[in-house]
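Residues per chain, in single letters:
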Amino acid sequence: MVLAGGAARRMGGADKAAIPVAGQSMLTRVLAAVHDADPQVVVGRVPPDLPVEVASTSEEPRGGGPVAATAAGLALVPRDVSFTALLAADLPLLTGEAIDVLRLTVESAPLEGAVYRDAEGRRQALCGVWRTNALRDAVSKLAEERGGLHGASMHALLEHLRFIEVSWRRPGPPPWFDCDTDDDLRTAEEWVR
């Protein structure tokens, strides 16, 4: 599940998911990292020229934030899907290997999910893999607790889940690197070269 509905305020409101890095939109690059996922769900705007078929939706009302978007996306994930990758659309350096590390971590431990932690110790909540049923339950608990999900933070959602933070120890750029500014885009382009 890829969340592609952010406001991109630091980039002048641009459709970040559609911005190219090394000739491919960031959304296309993220979807390539989870090419074997079925279904592939995008929450937010899907460009008409997207080279892969995806299921798409949006949170209602729009602009509800990542937790409301997660709930909308989960509605398109079948009940028999064991694991769900929950990803931001602006991760142009994400790879299938990075997703595999998270999935294998969750599979091998009595945990509900795994997310990356960057070198400064910050949790990358929108670069993780979750047991689908646990993620659904956490969303439901938070909705009940708050009386709705509009404006709910990822931090609040994570309080309802047991997960591990994973460090990336392989060579190359960090898979969670997100592009929030024009400088970030330039950095991503340099890494991809």
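Keep in mind that this is a model prediction, so the values were computed, not measured.

About the thresholds
Residues numbered from 1 in each chain as written. Predicted model: local features only at pLDDT ≥ 70, side-chain atom pairs only at ≥ 80, totals over all residues. Heavy atoms only, no water. Pairing = 2+ DSSP bridges. Helix = DSSP H or I, 4+ residues; strand = E, 2+ residues; numbered from the N terminus. Axes fitted to C-alpha atoms, helices over the stretch in contact; angles between N-to-C directions. Contact = heavy atoms within 4.5 Å. Buried < 20%, exposed > 50% of the residue type's maximum accessible area, 1.4 Å probe, protein only.

Chemist: Mind showing me how you'd approach the sheet that holds strand β1 (residues 2-4) here?
Modeler: Hydrogen bonds along the backbone pair up the strands of a sheet, which may run parallel or antiparallel. If you walk across this open sheet you meet the seven strands as β5-β4-β1-β6-β8-β7-β9, and the pairing is mixed. Two strands bound the open sheet, and with one partner strand each, they are β5 (55-57) and β9 (163-166). Averaged over neighbouring strand pairs, the angle between their axes works out to 25° when direction is ignored. Examined bridge by bridge, strand β7 (residues 113-117) and β9 share four bridges and lie parallel to one another. Bridged to Gly 113 within β9 is Phe 163. Strand contacts of helix α1 (residues 26-33): β1, β4 (41-44) and β6 (83-88), with the helix running at about 170° to β1, the strand carrying the most contacts. Here helix α2 (residues 66-74) sits on the sheet in contact with β1, β4, β5, β6 and β8 (123-131), set at roughly 140° to β4.

Chemist: Even after reading the chapter, I still don't get the environment of Gly 44, so can you show me in this structure?
Modeler: Its location among the elements puts Gly 44 in strand β4. Assessed through its relative accessible area of 11%, Gly 44 is described here as buried. For the pair Gly 44 and Ala 4, spaced 40 residues apart in sequence, the C-alpha separation works out to 4.7 Å. Residues in contact with Gly 44, not counting those within four places in the same chain, are Ala 4, Gly 5, Thr 57 and Ser 58.

Keep in mind these values describe shape, not function.
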